[in-house]
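If you want the building blocks of each chain, they are given just below.
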Amino acid sequence: MPRSKKFRRARLIVILLAVLLVAGLAGGGWWAVDTVRSSFPQVSGTVKVAGMSAPVDVVRDEKGIPQLYADTDADLFRAQGYVQAQDRFWEMDVRRHITAGRLAEMFGSSAVENDSFLRTMGWRQVAQKEWDSVLSEETKRNLTAYTEGVNAWLAEHPGGAGASVEYAMLGAVNSGYRPEKWDPVDSVAWLKAMAWSLSGNMQEEIDRSLLTQNFTTEQIAQLYPDYPYDRNGTIVKTGKVSADGTYTPGEGAVVPAQPGGGTPAGSSQARAATQQLLSGVSGKMDALPQLLGPNGQGIGSNSWVVAGANTTTGKPMLANDPHLGPGMPSIWYQMGLHCRNASGACTYDVAGYTFAGMPGVVIGHNKDIAWGFTNLGADVTDLYLEKVTGPDTYLVDGKDVKFTVRKETIKVAGGADRTITVRTTQDGMPLISDQSSEDQNVGKYAPAGNAAPDRAAGYGVALRWTALVPGRTMDAVFKLDKATDFASFRLAAQDFAVPAQNLIYADTKGNIGYQAPGLIPVRGKGDGRYPAPGWDSGYAWNATYLPFKSLPYAYNPPEGYIVTANQAVVDDGYKPMLTKDWEYGTRAKEITDQIQAKLKNGGKISLDDMQSMQLDNTSVLAKELVPLLLKVKIDDPYVREAQDLLKDWNYHQDADSAAAAYYNGVWRALLTLAFGQKFPADLRVEGDCLLVRQKRDNTLPDDALGGAAQAVTECGTRKASQAQPDGGDRWMEVVRAHLGDPASPWWDYIDSNHQQQHGLDKLLAEALKDARQDLTARLGKDISTWSWGRLHQLTLQEPTLGSDDSSIASGVVHKLLNRGPYKLSGGSAAVDATGWNAAAGYDVDWIPSMRMVVDLSDFDSSRWINVGGASGHAFHPNYNDQTELWAKGELLPWVYTKDAVAKNGRNTLTLTAG
C-alpha cells in the first residue's frame, strides 16, 4: 500500500472497519451482519436478467455448487456469467486487473512492480488480438453471452456497492474505485496467467546461470541430472516421426485417424502477429507468481486413466488432481452446464471445473467423454543474452540493431502515475533485465562461450515465450466440452496452444487415450538449458512451431492404463526436443506401481482404489535414505532418541506421524549442508545468512568448494517460493546419484562450529543433530508430541487484501479473509503432493488444487472436491466448506444426470428475461 499520509489515515479506517466486522459477526451487530450478508447471492426464487430469451434454472446443492439448465447456448453462458459474478466477482475483478497490468488502480503503489511486469509483457494485448482475429465466431458468441450475464449482475451492484466485503474494505483506502463493465477479453486473458504459472523451465535457466558464480558447468549438470528413463519410464512408448512430420505411436499401439480441419496452433495467421505482440518485461521475475502461486520446477499434477478391462465396472475410470498455488477463494470453480434438450440451438451438457471469469468447463466430462490435464512441462520459454551497445542498440551478427522502445503509463491509486520504458529486440523479445536485479545477474554470470563479445558490465537478458503468440486455447475449451469421441477430442487438443498440457481421455464406449498438445518451438542452435547468445541469429527460434501431427499421443495402449504425472512424455529418441527439464517421474512411478499391484493376478481397480491412490503420501527416497540414517552411530542420547523414530517407519508422511516430521527435518538439514551452504545468495532464501568463503577473483575454483577465499557473511536474497534447494524430486535424484559415493565433494560441509568437514557419514550425523535441534525449537523437547502436520501446514490466503503481512491492518483483515492453518499429510514428491520448499521451511506452498475421480459406467457415481468452496464471499457457508474434507482426502458425490441433480439440490433460482 502507498506510504502517503492520506493512505496511513486510510489504513486506520481499514482497522476500524475490520474490528467492527469482527465484533459485529461475533456479537450479532446489525451493521456488520448486514454488510456481510447483503453481498451473499440470491439462490432461490426468480431474478430478471437482461438478454435472457427463456428461463434458466440454477440448481445448487448443499455446497452451493450450481448446475445450470437452459434452452439455448447463449442463455446457458449468459447464466454462467451471472452466477459466477454472484459468487466470485471480487476474484474476477482482481484477476482481470492482474492480467491487464492494472492492479495499482485498485491497490496503490505496492502493485506497480506487478503492473510494470505485465503491462510491458502485454498479456491483455495478446488476448485482444485473439479476440480480434483468431478465435472462432462460436467462441466469440459464447464469450459475449457470458459477458452479458456478468454485466447484468454488475448492474444490480453499481460501483461494486454491496458486491462483497472486500469492496467495503477497498473503499476505505480507495474510495474512488468503481469496477468497470466486464469485457470478453477479460475472460480470455486469464489463460495467460495460467500459462505463466505453468511456463516450463525459465526458472531453471535463471538458476543454472546464477550457479555459475560458484560452480563449473559440469558441477551444475550434476545438480540437473538426466531423466531416469529406465527406472521411472515415460508417458507413452516413444514412436516415430515420419518424413512428413506425422507421429506414429510406439509398440503395440492403436493408430486412430488423424484429426482434420481447424487451424493448428502456430498457424501462419498466428505467426504473423508474433513480432508485434511480444513486448517488454520490467520488474522482478518472481513478483507476479506470488499472486498466482509459485511457478516452475515442482508445479505439476497427477492424472491417470484405466481401461474398462481393468476396472470393477467394465468401463474406464479417470482421476485428476492438478497442483497449483493455494489461495482463497479456491482457484477452481465447480459447475454444470446443461441443455434441457439437445438441439442445434443448445449443444452443451458438461460438468466439471472452470475458472471464475471464464465460460465453459476446463476439466471434467460430458455425456460421452471425460478428460483431465497435467502440465506437459515443454520448454516454451528461452532467455537470450544480448550485448547492449548503446541506449537503443544491441549486437546481432556483428552489427548494431535498434531496439523498439515504448512507454507505458501505470495509474496508481492514491499516488502519481508511473511511466515505464520498455526495450524490445527485432524479434519482439522484451529486455527483462532493465529493471530486474536478478536478471542482471543472469547476464553477469551466464556462460556465453568463447566467441562471445566482451561482457563488460554484463549482458542484457531478453525473453521469448509462446504465450505471447495469439492462439486458440479458448476455442479448445468449448470444443472439449462438446467432444464425443477421440477424433473430436484431438481436434479440440489441436487448438490448445498454451499452457502445453498432457491431456488424458476416456469415453463411455470403453476407449482411453492421451494427447500432447501445445505451441512448442523448434530451435535453431541450443537446447534451452542456458540463456542463448542473442548476438548469434543461429540461436533464434524457427518461423514455424512443432506441427500438431508430430506430437505424441496414445489410444487404447496394450497396458490398459495411462499415467501422466509430469514425467517425460517420450524418451530422448523423439526428435525434435520437447524439453530437457522434465520432472523426474517419482509420482508417476508410484501411481504406476500401485496400478500394476492392483492388476496383478487378474485383479481389478475400483473407484475407491482410484481415490485412495490420490492420497498416497509415501516418501520414495526415504526407502533408500533411512537405512543409511539408522546406520549412523549417534552418541548423544538426545539426538539418538529422535533417530529411533525412524525405526520401523512405514515411509508414509501422515499428518500425525512423528517419524515423518523428523525425516523431513533431516532431509531439509541434509540439503542445507550439502548444497545450500555452497549456493550463491541469489538462490538462497531471504534472511538465510551464512559465513561463507568468498573468492578473491572471478575465476572458478579447481575443486568443488575451494580456491583462494576469505570468510564473509552472505545473506540470501530469494523469495521463499523460488529459493533452492527446494527438496523436490530433482533433489531426490541428485542425492540418490551421490549416496553411493561417500567421498563425493558434495558431502563436504561446514559444521555448527564453522569447521570444514568431509564425508557422507559425518554429514548424515550432522543432519540428524541439526534436525533434532530444529524440531525441538519448533515442536518442543518431547518427541511424543511431534507430528508432521504441526510442521506441514497450509494457510489459504486471499491474494490481495489478505496477503500484506507488513500492514498493521492486514493482521485483522487476515482473520476475515484467510483460512487455516490446516495440518496436512503428503509431501513435495509424493502422489499426495502438498509441496513445501525445504530452503524456506515446512509450510505448504502448492497443493492438489482439486481432486476428481470419474466413473464412465455411471457419471452419477463420480466424485470430486475443491480445496475451498463455491463461494468467494467471506463468512458465506460455502466459502471454505470443502476444505476440511479435502484435507482429509475425502471426496463429494458428483451427480450429473438431471434427476440426480434435482434430488441432490437444495436451492433453485430461475433467471428470466429482463
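The structure reproduced in this document is the subject of the present report. (Residues numbered from 1 in each chain as written. Predicted model: local features only at pLDDT ≥ 70, side-chain atom pairs only at ≥ 80, totals over all residues. Heavy atoms only, no water.)

It is worth spelling out the overall build of the chain at this point. In terms of regular secondary structure, the chain is built from 29 helices and 37 strands. Total accessible area computed for the chain in this model is approximately 32,100 Å², and 50% of it derives from carbon and sulfur atoms. (Helix = DSSP H or I, 4+ residues; strand = E, 2+ residues; numbered from the N terminus. Areas by Shrake-Rupley, 256 points an atom, 1.4 Å probe, with all protein chains shown as cover.)

Turning next to the packing of aromatic side chains. On inspection of all chains with the given rule, the structure shows 40 aromatic pairs. Ring geometry for phenylalanine 373 against phenylalanine 496: centres 5.2 Å apart, planes inclined by 80°, an arrangement best described as edge-to-face. Of the two residues, phenylalanine 373 sits in strand 11 (residues 369-375) while phenylalanine 496 sits in the loop between helix 18 (486-494) and strand 19 (501-507), which places them 123 residues apart along the sequence. Each member of the pair, phenylalanine 373 together with phenylalanine 496, is buried. Centroid distance phenylalanine 675 to tryptophan 746: 5.5 Å. Interplanar angle 40°. Geometry classified as tilted. In this pair, phenylalanine 675 sits in the loop between helix 23 (658-674) and strand 26 (689-695) while tryptophan 746 sits in the loop between helix 24 (729-739) and strand 28 (749-750), placing the two residues 71 residues apart along the sequence. The two residues phenylalanine 675 and tryptophan 746 agree in class, both being buried. Taken together, the aromatic side chains of Phe89, Trp90, Phe107, Trp153, Tyr167 and Trp182 make up a single cluster linked through ring pairs. Taking NZ or CZ as reference, arginine 490 lies 3.9 Å from the ring centre of tyrosine 553, over its face. Lying across the ring of tyrosine 224, arginine 730 places its NZ or CZ 3.9 Å from the centre. (Phe/Tyr/Trp six-rings, centres within 6.5 Å; stacked < 30°, edge-to-face > 60°. Buried < 20%, exposed > 50% of the residue type's maximum accessible area, 1.4 Å probe, protein only. Lys NZ or Arg CZ within 6 Å of the ring centre and 35° of its normal.)

A word on helix 10 (residues 202-211). Every α-helix carries 3.6 residues per turn, so stepping three or four residues along brings you back to the same face. In terms of burial, helix 10 is a largely internal element, 10 of the 10 residues being buried. Looking at helix 10, one finds that the buried residues are Met202, Gln203, Glu204, Glu205, Ile206, Asp207, Arg208, Ser209, Leu210 and Leu211.

Turning our eyes to something else, we now look at the side chain of threonine 910. Mapped onto the elements of the fold, threonine 910 is located in strand 37 (residues 907-913). A polar side-chain atom of threonine 910 sits 3.0 Å from a polar atom in the side chain of aspartate 57. Setting aside its immediate chain neighbours within four residues, threonine 910 contacts Gly45, Thr46, Val47, Pro55, Val56 and Asp57. (Polar contact = N/O pair within 3.5 Å; in protein donor to acceptor, adjacent residues only side chain to side chain. Contact = heavy atoms within 4.5 Å.)

This part is about unusual backbone geometry. A negative phi angle is the norm for most residues apart from glycine, just as the trans form is the norm for most peptide bonds. Cis geometry marks the peptide bond from valine 498 to proline 499; its omega dihedral reads -5°. By the element assignment, proline 499 lies in the loop between helix 18 and strand 19. Residue proline 821 follows glycine 820 across a cis peptide bond; omega there is 5°. Examined against the element boundaries, proline 821 turns out to sit in strand 31 (residues 819-823). For phenylalanine 875, which is not glycine, the phi dihedral falls at a positive 75°. Along the polypeptide, phenylalanine 875 turns up in the loop between strand 35 (863-866) and helix 28 (883-887).

As a further point, take helix 21 (residues 622-631). Taken residue by residue, helix 21 has Ala622, Leu625, Val626 and Leu629 as its buried positions. What you see down the axis of helix 21 is that its buried residues fit within an arc of 100°, all on one side. (Arc of directions from axis to C-beta.)

So, about the sheet that holds strand 14 (residues 393-396). Taken in spatial order, the three strands of this open sheet run 13-14-15, and their pairing is antiparallel. Every other strand in the sheet has two partners, leaving strand 13 (388-390) and strand 15 (399-402) as the edge strands with one partner each. Taking the axes of each pair of neighbouring strands and ignoring which way they run, one obtains an average angle of 45° across the sheet. In this sheet, strand 14 lies alongside strand 13 in antiparallel orientation, the contact comprising two bridges. Across the sheet, valine 388 pairs through a bridge with tyrosine 394, a residue of strand 14. (Pairing = 2+ DSSP bridges. Axes fitted to C-alpha atoms, helices over the stretch in contact; angles between N-to-C directions.)

In this section: the environment of leucine 645. Relative to the elements of secondary structure, leucine 645 occurs in the loop between helix 22 (637-643) and helix 23. In this structure, the C-alpha to C-alpha distance between leucine 645 and serine 657, residues 12 residues apart in sequence, is 9.6 Å. Setting aside residues no more than four positions away along its own chain, leucine 645 makes contact with Ala658, Ala659, Tyr662, Ile783 and Trp786.

Further remarks concern the pattern of salt bridges. Scanning the entire structure with this criterion turns up 47 salt bridges. Glutamate 105 serves as the salt-bridge partner of arginine 102, at 2.8 Å between the closest nitrogen and oxygen. Close ionic contact of arginine 736 with glutamate 624 constitutes a salt bridge, the shortest N to O distance being 2.8 Å. Of this pair, arginine 736 sits in helix 24 while glutamate 624 sits in helix 21, and the two are 112 residues apart along the sequence. For arginine 736, a relative accessible area of 18% puts it in the buried group. Taken together, the salt bridges that share partners define one network made up of Asp93, Arg96, Arg124, Asp183 and Asp186. (Salt bridge = Lys/Arg side-chain N within 4 Å of Asp/Glu carboxyl O.)

This brings us to the environment of alanine 127. Among the secondary structure elements, alanine 127 is positioned in helix 6 (residues 123-133). A sequence separation of 59 residues divides alanine 127 from aspartate 186, and the C-alpha atoms of the two residues are 8.1 Å apart. With residues near it in sequence (within four places) discarded, alanine 127 still touches Val185, Val188 and Ala189.

Once that is clear, we can look at the packing of helix 3 (residues 73-100) against helix 9 (residues 184-197). Between helix 3 and helix 9, whose axes approach to 9 Å, the crossing angle comes to 65°. What the angle tells us is that helix 3 and helix 9 run roughly perpendicular. In this structure, the crossing between helix 3 and helix 9 has a hand that is left-handed. Counting all contacts with helix 3, which are made through Arg95, Arg96 and Thr99, the residues of helix 9 involved are Asp186, Ala189, Trp190 and Ala193. (Parallel < 35°, antiparallel > 145°, perpendicular 65-115°, else oblique. Left-handed = near helix turned anticlockwise from the far one by under 90°.)

The next thing to look at is the environment of leucine 324. Along the polypeptide, leucine 324 turns up in strand 7 (residues 317-324). Each C-alpha atom of the pair leucine 324 and tryptophan 846 lies 5.4 Å from the other, and the pair is 522 residues apart in sequence. Discounting residues that sit within four places of it in the chain, leucine 324 has contacts with Met194, Ser197, Leu198, Ile331, Trp332, Trp846, Ile847 and Ser849.

Axis separation between helix 17 (residues 473-482) and helix 18 bottoms out at 8 Å; the angle between their running directions is 165°. On the basis of their axis angle, the class for helix 17 and helix 18 is roughly antiparallel. Crossing of helix 17 against helix 18: the hand is left-handed. Residues Ala476, Lys479 and Leu480 of helix 17 pack against Phe489, Leu491 and Ala492 of helix 18. Within the contact of helix 17 with helix 18, the residues separate by chemical class into five nonpolar, no polar and one charged. (Nonpolar A, V, L, I, M, F, W, Y, C, P; charged D, E, K, R; others polar.)

Let us look at the state of the cysteines. For the structure shown, the criterion picks out two disulfides. Put simply, cysteine 339 and cysteine 346 are joined by a disulfide, and their sulfur atoms are 2.1 Å apart. On the S-S bond that ties cysteine 339 to cysteine 346, the torsion sits near -90°, and the link is left-handed. With relative accessibility at 11%, the residue cysteine 339 sits in the buried group. Residue pairing for cysteine 689: its cysteine sulfur links by disulfide to cysteine 715, the two sulfurs lying 1.9 Å apart. Here cysteine 689 and cysteine 715 share a disulfide; its torsion about the S-S bond, 110°, makes the bridge right-handed. Taken together, the residues cysteine 689 in strand 26 and cysteine 715 in strand 27 (residues 709-715) connect sequence positions 26 residues apart. You can call cysteine 689 partly exposed: its relative accessible area is 39%. The connectivity of the disulfides in the chain is 1-2, 3-4, where the numbers refer to bonded cysteines in sequence order. (Disulfide = S-S within 2.5 Å.)

Mapped onto the secondary structure, arginine 718 falls in the loop between strand 27 and helix 24. In this structure arginine 718 comes out as buried when scored by relative accessible area, which is 2%. Among the polar contacts made by the side chain of arginine 718, one reaches the side chain of aspartate 207 at a distance of 2.5 Å. From its side chain, arginine 718 meets the backbone oxygen of aspartate 682 in a polar contact 3.1 Å long.

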